[in-house]
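# Fold and geometry: a report
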There are 2 protein chains.
Amino acid sequence: LHCCPLGLLALLLLTLGFSRGLQPGPRDDYEESAETERVFAASKYGSLWPLPQKVKISDVSFKLTGVTFRITDAKGSSSGASCSLLQNAYRRYYEYIFGGSRVQHGAEGRRAGPSVLTELQVLIVSADSECERFPAVTSDESYELTVDQPYAVLKAPKVWGALRGLETFSQLVYEDEYGAKSINSTTISDFPRFAHRGILLDTSRHFLPIKVILANLEAMAMNKFNVFHWHIVDDQSFPYMSRTFPHISQQGAYHPYTHVYTPADVKMVIEFGRLRGIRVVPEFDTPGHTQSWGKGQKDLLTPCYSGDKPSGSFGPVNPILNTTYDFMSKFFKEISGVFPDAYVHLGGDEVDFNCWKSNPDIQKFMEQQGFGQDFSKLESFYIQKLLDIVATTQKGYMIWQEVFDNGVKLKPDTVVHVWIGGGANEEMGKVTAAGYTTILSAPWYLDYISYAQDWQKYYKVEPLNFKGTEAQKKLVIGGEACLWGEYVDATNLTPRLWPRASAVGERLWSAVDVTDINDAFSRLSVHRCRMVERGIPAEPLFSSYCPREYKGI
Amino acid sequence: LHCCPLGLLALLLLTLGFSRGLQPGPRDDYEESAETERVFAASKYGSLWPLPQKVKISDVSFKLTGVTFRITDAKGSSSGASCSLLQNAYRRYYEYIFGGSRVQHGAEGRRAGPSVLTELQVLIVSADSECERFPAVTSDESYELTVDQPYAVLKAPKVWGALRGLETFSQLVYEDEYGAKSINSTTISDFPRFAHRGILLDTSRHFLPIKVILANLEAMAMNKFNVFHWHIVDDQSFPYMSRTFPHISQQGAYHPYTHVYTPADVKMVIEFGRLRGIRVVPEFDTPGHTQSWGKGQKDLLTPCYSGDKPSGSFGPVNPILNTTYDFMSKFFKEISGVFPDAYVHLGGDEVDFNCWKSNPDIQKFMEQQGFGQDFSKLESFYIQKLLDIVATTQKGYMIWQEVFDNGVKLKPDTVVHVWIGGGANEEMGKVTAAGYTTILSAPWYLDYISYAQDWQKYYKVEPLNFKGTEAQKKLVIGGEACLWGEYVDATNLTPRLWPRASAVGERLWSAVDVTDINDAFSRLSVHRCRMVERGIPAEPLFSSYCPREYKGI
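Residues numbered from 1 in each chain as written. Chains lettered and ligands numbered in written order. Predicted model: local features only at pLDDT ≥ 70, side-chain atom pairs only at ≥ 80, totals over all residues. Heavy atoms only, no water.

In the nomenclature of an unreviewed UniProt entry, chain A is known as Beta-hexosaminidase of Gasterosteus aculeatus aculeatus.

## Section: the overall build of chain A
Here is the rule we go by: Working definition: helices are DSSP H or I runs of at least four residues, strands are E runs of at least two. Numbering for both runs from the N terminus. Atoms considered for the radius of gyration are the C-alpha atoms alone. The globule rule reads 2.2 Å times the number of residues to the power 0.38. Type-normalised accessible area, obtained with a 1.4 Å probe on protein chains alone, sets the label of each residue: buried when under 20%, exposed when over 50%, and partly exposed for intermediate values. We call two residues in contact when some of their heavy atoms are within 4.5 Å. Accessibility throughout is a Shrake-Rupley quantity obtained with a 1.4 Å probe, and a residue counts as covered only by protein chains that appear here. The charge count treats Lys and Arg as positive and Asp and Glu as negative. His and the chain ends do not count. Working definition for charges: the position is that of NZ of Lys, CZ of Arg, CG of Asp or CD of Glu.
Scanning chain A from terminus to terminus reveals 18 helices and 17 strands. A compact globule built from 553 residues should have a C-alpha radius of gyration of about 24 Å, and chain A, at 25 Å, falls within 12% of that. Dimensions of chain A, computed from C-alpha atoms along their principal axes, come out at roughly 85 × 60 × 50 Å. Here chain A, with 553 residues, has 63% of them falling under the buried criterion. Long-range contacts, defined here as pairs at least 24 residues apart, represent 74% of the contacts in chain A between residues at least 6 apart. Only carbon and sulfur atoms are counted for the fraction: they give 52% of the accessible area of chain A, which is about 19,900 Å². Seen as two clouds, the 56 positive and the 63 negative side-chain charges of chain A have centres 5 Å apart.

## Structural notes on the pattern of salt bridges
What counts here: Should a side-chain nitrogen of Lys or Arg be within 4 Å of a carboxyl oxygen of Asp or Glu, the pair is scored as a salt bridge.
Counted by the stated rule, this structure contains 44 salt bridges over all chains. Among the salt bridges present, the one from glutamate 486 of chain A reaches arginine 205 of chain A, with a minimum N-O distance of 3.8 Å. With glutamate 486 of chain A in the loop between strand 17 (476-483) and helix 16 (493-497) and arginine 205 of chain A in the loop between strand 8 (196-202) and helix 4 (210-222), the pair connects residues that are 281 residues apart, well separated along the chain. For glutamate 486 of chain A, a relative accessible area of 4% gives the class buried. When the shortest N-O distance is used, the salt bridge between arginine 496 of chain A and glutamate 539 of chain B registers 3.1 Å. Here glutamate 539 of chain B lies in the segment after helix 18 (517-533) and arginine 496 of chain A lies in helix 16, a pairing that spans two chains.

## A few points about the confidence of the model for chain A
Residue and element names in this part refer to chain A. The test is simple: Predictor confidence is given residue by residue as pLDDT, running from a minimum of 0 to a maximum of 100.
Averaged over every residue, the pLDDT of chain A is 92; the share at 70 or more is 90%. Taken together, the stretch residues 1-38 has pLDDT below 50 and engages in 120 contacts with residues farther than four places along the chain or on a different chain. Both scores are available for the predicted complex, with the pTM at 0.93 and the ipTM at 0.92.

## Quick word on the relation of the copies chain A and chain B
As a reminder, the rule being used: A least-squares fit on C-alpha atoms brings the copies together, and the residues used are those whose pLDDT is at least 70 in both copies.
Here chain A sits on chain B after a turn of 180 degrees about the axis and a move of 0.0 Å along it, with an RMSD of 0.0 Å. Accordingly, the operation relating the two chain copies is best matched by a two-fold axis. Rotation axis and chain A: the residue whose C-alpha lies nearest the axis is serine 450 of chain A, separated from it by 2.5 Å. Same-surface contact between copies: 98% of interface residues of chain A are shared with the interface of chain B.

## Considering unusual backbone geometry
Between tryptophan 49 of chain A and proline 50 of chain A the backbone carries a cis peptide bond, its omega angle lying at -10 degrees. Looking at where proline 50 of chain A falls in the secondary structure, it is placed in the loop between helix 1 (8-15) and strand 1 (54-63). Geometrically, the link from tryptophan 498 of chain B to proline 499 of chain B is a cis peptide bond, its omega value of 5 degrees lying close to zero. Here proline 499 of chain B lies in the loop between helix 16 (493-497) and helix 17 (500-509). Positive phi outside glycine occurs at glutamine 394 of chain B, with the angle close to 70 degrees. Here glutamine 394 of chain B lies in the loop between helix 11 (375-391) and strand 14 (396-400).

## A short note on the interface of chain A and chain B
Definition in use: Simply put, the buried area is the total loss of 1.4 Å probe accessible area from both parts when two parts are fitted together. Here a polar contact is recorded for every N or O atom pair within 3.5 Å, except that within protein the pair must consist of a potential hydrogen donor and a potential acceptor, and residues adjacent in sequence are included only if both atoms are side-chain atoms. Three residue categories are used. Nonpolar comprises Ala, Val, Leu, Ile, Met, Phe, Trp, Tyr, Cys and Pro, charged comprises Asp, Glu, Lys and Arg, and polar comprises the others, including Gly.
Facing the 81 residues of chain A at the interface are 79 residues of chain B. Buried area between chain A and chain B, both sides added, is near 6,600 Å², and the carbon and sulfur share of it is 52%. The interface formed by chain A and chain B holds 4 salt bridges in total. The interface formed by chain A and chain B holds 26 residue pairs in polar contact (both at pLDDT 80 or more) in total. Of all the secondary-structure elements, those providing two or more residues to the side of chain A that touches chain B are helix 4, helix 5 (246-252), helix 7 (291-296), strand 12 (309-317), helix 9 (354-358), helix 16 and helix 18 (517-533) of chain A. By residue class, the composition of the side of chain A that touches chain B is 31 nonpolar, 29 polar and 21 charged.

## Section: the state of the cysteines
Residues and elements named next belong to chain A. Filter applied, for reference: Cysteine sulfur atoms that come within 2.5 Å of each other are treated as a disulfide pair.
Inspection of every chain in the model, using the stated rule, returns 6 disulfides over all chains. Disulfide pairing is shown between cysteine 83 and cysteine 131; the S-S distance is 2.1 Å. Negative torsions about the S-S bond denote left-handed disulfides, and the value of about 100 degrees found for cysteine 83 with cysteine 131 makes this one right-handed. A residue pair is termed long-range when its members are at least 10 positions apart, and cysteine 83 in the loop between strand 2 (70-73) and helix 2 (84-98) and cysteine 131 in the loop between strand 3 (119-124) and strand 4 (143-147) qualify at 48 residues. Cysteine 83 gets classed as buried once you look at its relative accessible area, which sits at 2%. Residue cysteine 131 is classed as buried on the basis of its relative accessible area of 6%.

## Quick look at the UniProt feature "domain: Glycoside hydrolase family 20 catalytic" (unreviewed entry) in chain A
The following threshold applies: UniProt positions are given in the numbering used here, feature names are shortened, and annotations may be inferred rather than shown by experiment.
The UniProt record annotates "domain: Glycoside hydrolase family 20 catalytic" (unreviewed entry) at residues 194-511 of chain A. End C-alpha atoms of residues 194-511 of chain A are separated by 10 Å, and the span's content is 40% helix alongside 18% strand.

## What about helix 3 (residues 159-172) of chain A?
Quick note on the threshold: A helix is expected to span 1.5 Å for every residue after the first.
The end-to-end C-alpha distance of helix 3 of chain A, which contains 14 residues, comes to 20 Å, matching closely the 20 Å that a straight helix rising 1.5 Å per residue would cover. The element helix 3 of chain A is extensively covered by neighbouring structure, given that 14 of its 14 residues are classed as buried.

## Digging into the environment of glutamine 453 of chain A
Residues and elements named next belong to chain A. Tracing the backbone through its elements, the reader meets glutamine 453 in the loop between strand 16 (437-440) and helix 14 (455-459). A polar contact is formed between the side chain of glutamine 453 and the side chain of tryptophan 455, at a distance of 2.8 Å. For glutamine 453, the side chain forms a polar contact with the side chain of glutamine 456, separated by 3.2 Å.

## Notes on the pairing of strand 15 (residues 415-418) of chain B
Residue and element names in this part refer to chain B. The test is simple: Any two strands with at least two DSSP bridges between them are considered paired. If the strands point away from the viewer and the path from the first strand over the helix to the second runs clockwise, then the crossover is right-handed.
Both faces of strand 15 are covered, namely the face carrying Val415 and His417 and the face carrying Val416 and Val418. In this structure, strand 15 lies alongside strand 16 (residues 437-440), joined through 4 bridges in parallel fashion. Counterpart to valine 416 in the pairing with strand 16 is threonine 438. At this point the chain moves from strand 15, through helix 13 (residues 424-433), to the parallel strand 16, and the crossover so formed is right-handed.

## As for the nonpolar core
Here is the rule: To define a nonpolar core, start from buried Ala, Val, Leu, Ile, Met, Phe, Trp, Tyr and Cys residues and group those joined through side-chain atoms within 4.5 Å.
Judged by nonpolar contacts, the single largest core of 281 residues is most densely connected at Phe169, Phe284 and Trp498 of chain A together with Phe169 and Trp498 of chain B. Excluding residues that lie within four positions of it along the chain, tryptophan 498 of chain B makes contacts with Ile199, Asn216, Ala219, Met220, Asn223, Phe225, Met531, Ile536, Ala538 and Glu539 of chain B.

## Things to note about helix 10 (residues 360-369) of chain B
Residue and element names in this part refer to chain B. Applied cut-off: To be clear, the arc concerns the directions from the helix axis to the C-beta atoms.
All of the buried residues along helix 10 are Ile362, Phe365 and Met366. Down the axis, helix 10 shows its buried residues gathered within 105 degrees of arc, on one side only. Residues of helix 10 that are exposed and angled more than 90 degrees away from the buried face: Lys364, Glu367 and Gln368. The inward-facing, buried residues of helix 10 abut strand 11 (301-306), helix 9 (354-358) and helix 11. Capping the start of helix 10 is the job of one residue whose side-chain oxygen sits 2.8 Å from the backbone nitrogen of aspartate 361: asparagine 359.

## Describing the side chain of histidine 527 of chain A
Residue and element names in this part refer to chain A. When you line up the elements, histidine 527 lands in helix 18. Of the polar contacts made by the side chain of histidine 527, one reaches the side chain of asparagine 223; its length is 2.8 Å. Reaching out from histidine 527, the side chain makes a polar contact with the side chain of arginine 530 at a distance of 3.0 Å.

## Some remarks on the packing of helix 8 (residues 322-338) of chain A against helix 11 (residues 375-391) of chain A
Residues and elements named next belong to chain A. Where we set the bar: Simply put, an axis is a line fit to the C-alpha atoms, just over the touching stretch for a helix, and the angle between two N-to-C directions goes from 0 to 180 degrees. Whether a crossing is left-handed or right-handed is set by the direction in which the near helix is turned from the far one by less than a right angle, anticlockwise for left-handed and clockwise for right-handed.
Interaxial distance between helix 8 and helix 11 falls to 9 Å at its minimum, and their mutual angle equals 35 degrees. Where helix 8 crosses over helix 11, the handedness of that crossing is right-handed. Contacts from Thr324, Tyr325, Met328, Ser329 and Phe332 of helix 8 reach helix 11 at Phe381, Tyr382, Lys385, Leu386, Ile389 and Val390. Partitioning the contact of helix 8 with helix 11 into residue classes produces 8 nonpolar, 2 polar and 1 charged.

## Digging into the environment of glutamate 141 of chain A
Residues and elements named next belong to chain A. When you line up the elements, glutamate 141 lands in the loop between strand 3 and strand 4. Placed 24 residues apart in sequence, glutamate 141 and glycine 165 show a C-alpha to C-alpha distance of 8.8 Å. In this structure glutamate 141 touches Trp160, Gly161, Arg164, Pro192, Ala195, Arg197, Asn226 and Trp509, once residues within four positions along its chain are discounted. Within polar-contact distance, the side chain of glutamate 141 engages the side chain of arginine 164 at 2.9 Å.

## With respect to the side chain of glutamine 121 of chain B
Residue and element names in this part refer to chain B. Tracing the sequence through the fold places glutamine 121 in strand 3 (residues 119-124). Glutamine 121 sits in the buried class, given a relative accessible area of 16%. In terms of polar contacts, glutamine 121 uses its side chain to reach the side chain of glutamate 119, at 3.4 Å. Aside from chain neighbours lying at most four places away, what touches glutamine 121 is Thr72, Ala74, Tyr151, Ala152, Val153 and Leu154.

Next up, the structure:
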């Protein structure tokens, strides 16, 4: 990492929230405030988050004004005015940069002086900009950014890198002591350390209004996340409105009209994500976690028995009926059409065997198949058939680690999702030793909350900290922060997720040696105020203030 | 407690969020959802929160419509149309009851049928309704509510009881299966178990915009809290704009314009609270927790020494200068005028002696006074003088427990605030044995968060669970839930406070034997959805849904 910290630091201190109470100063040696855990010092990297791979900031600064500044397609760019993904992004970042301040009318006639930056030119260099495509795990998100006179240049092979670079550019802009937008001469070369950087949201334990999902996709883009893992259904409710099986959400959603995602809603989420370089990977978890499926879909779930008669309650998906697999074929055919991503998450976690054990037909089937009393074999039997079905839809699949642990035969491109805390490192070793790609979530279950700065715990995780060869490490394609929904809904989700998930965002994007917790605290404090300014109610790290506090309640 | 639960229960289930997934039913005997901690069953008390002292609900139900229903002053009431406190409350509760549904035009001509409730008559029986007064710890909040034909009657000695009864009335209204507003024939006789039921908010660690404070006063009224303990200043910032010493907030606030409470702001908060029967008790904590005071007020704080010269940093208020007491006299004279409540909280907690120890002038003073090396004597010296100053302003005072522990001589009407966890019961015993009134906060520090349903922990606290005589128990006048501000600001305060503080609200209002946690879960679940409908982003207790989810993000 290269950097030249400069006069901008004092300005950051002045303008971004820590000029009082926590600044280094005459009181450092006296511990009156026992609660003050950490003295605030501005980072030489300003408020960049996540930190780019290579950063060089000089102390030459330029002004930007809303009247003269433009983001434009560079001459020779393979993506121009017809690429609405880019045009939308230009507007979005223009508004982020100048939204807080009034455009000064009357300044139109003024010529830009030598110290004014008037243009950011965006140059897509690859012949195929991928403007019309969907992002993928293989997407190139790299970019190079030069802020200098006469104009700044953002160069990227694909539109995905341009999106990341625009976010970075916007993070370089700060207000000087007179409130004028300023940016320093800067050179950045950047790319993600991991290709898969995800957030899991759970819309089954609590329904999340579309507005909440979109706001969090916005926040994800601000933190360079690129996968929305949509844990869309589970035991508690089935808000996904299926075209093929509409009765499932009619019976299994919390409410058939107000608590469902229509096909139009799903389409909007996917396009909103695409415009921000975010993949939408839906999870339809089976054979467990399916109570809500059974309300509308007869005979899908296993009838549990109490003694020698059905108890009236139901267990996991019934793995011994042909109708089950007919259903799954049709269902996942629909899913493969609705969700454009190359992957679908098939779950496979936490299957409870008690109901299967109670059912005499299941017992008979076990005997016929020679499974003995090993119900994990029955689970694998089901999963194997499901995976084969999904494979015919031309989708890749992600699965929770149990499926791998049970020895199910997986396609080579399967992504194994490690979630069980305690032993996660060993599991990463095993999965990669078997040649599968993997993502890590075990240390990043953000639904578990605790007092004080737990973001630091998430930040200190090193995903490659397991025993394995270089080849094995390469199979770790990233991770996901999971915010399970038992205790969150629209009222508290967003401040609970941000900026705690931002810690995971930097861990997955930035270089392996970006581990200075004080520097991170400094950058993240300002980054969180920036999210607040952009309308995201990201909670504070510690006692402090934002120049513009959140406007909601 | 008397009650007759009825047909309304099934309707509550149907209309208020738990009809799916968590309802008692055929699946009870099968544990597919290991995460489902508790099966939801409607309470026979519907969604009343906190539970009134005596409740009798019959199964005779009436309809209410926004067109015909009115809240009116009863004939013979001592408080009529000229009492804007009541008129404001009528409007507020009318809107709470009918706000969610459109007024059906065209229904104006219809006569109310026999099963329609058209009026709630409010009768203030005491000659002095106290409409123009401020609420006090001695205020009578009792009321009696009869919902029956031809009209409902709310009878209360004072306006304060009427406010509580209006909230209760609004909680009795539910929607039937066709969405029609309904209420059952009901008789309620109610009064608070404890007179002091407070919420502490901290506007120093983070500034809270006025909008946030007012929203939380609204939520307090919904939970029958009656004291806003405003921990307005502390080390980190001094947002209180003093008329007498304006330079303190100019220097000590996070920002002198955007992060201060002007006299007009303070007045608005006080009146907003008064209209809801909520006292505003400000805390100006000294001699510790005063770093922010020292920025604008020269010589107020003790200069710390490093060896034999001043280090440049400062400690607690300097207790050995006459100027200190001159300042405090003027300052608390202002405070006594600005805040009408009979009490002011003087803090007195967590005084760090290191700086005093380092200062040679302080050492000399200690010697002169014969304090030896016992700096708690110096602390008491200061506090004693401060209390005497405040006593001349005709105010009573509240203080944190250390002041009592240090043996300071207190006025008989002093309220000792017990906050130190571990030994709180013993402390309650000691304080009351010495004859002082006390309030409890130690088990209710809501800034300490943890995973899952910690409201149950707060709910299970019994404030009188200490060894002492009946006379001692009578000295416990209540308690406060404290939400210290290190980790909360406008982005996350409201959902973090509600409904966790609601648990404390019921403990302090309802009868001692109201301890059924399942019944509480049921009522609180619906109560929290009601708060959400009223615009308060109260977080969920567990997997569930509200018919109308929060509209923000």
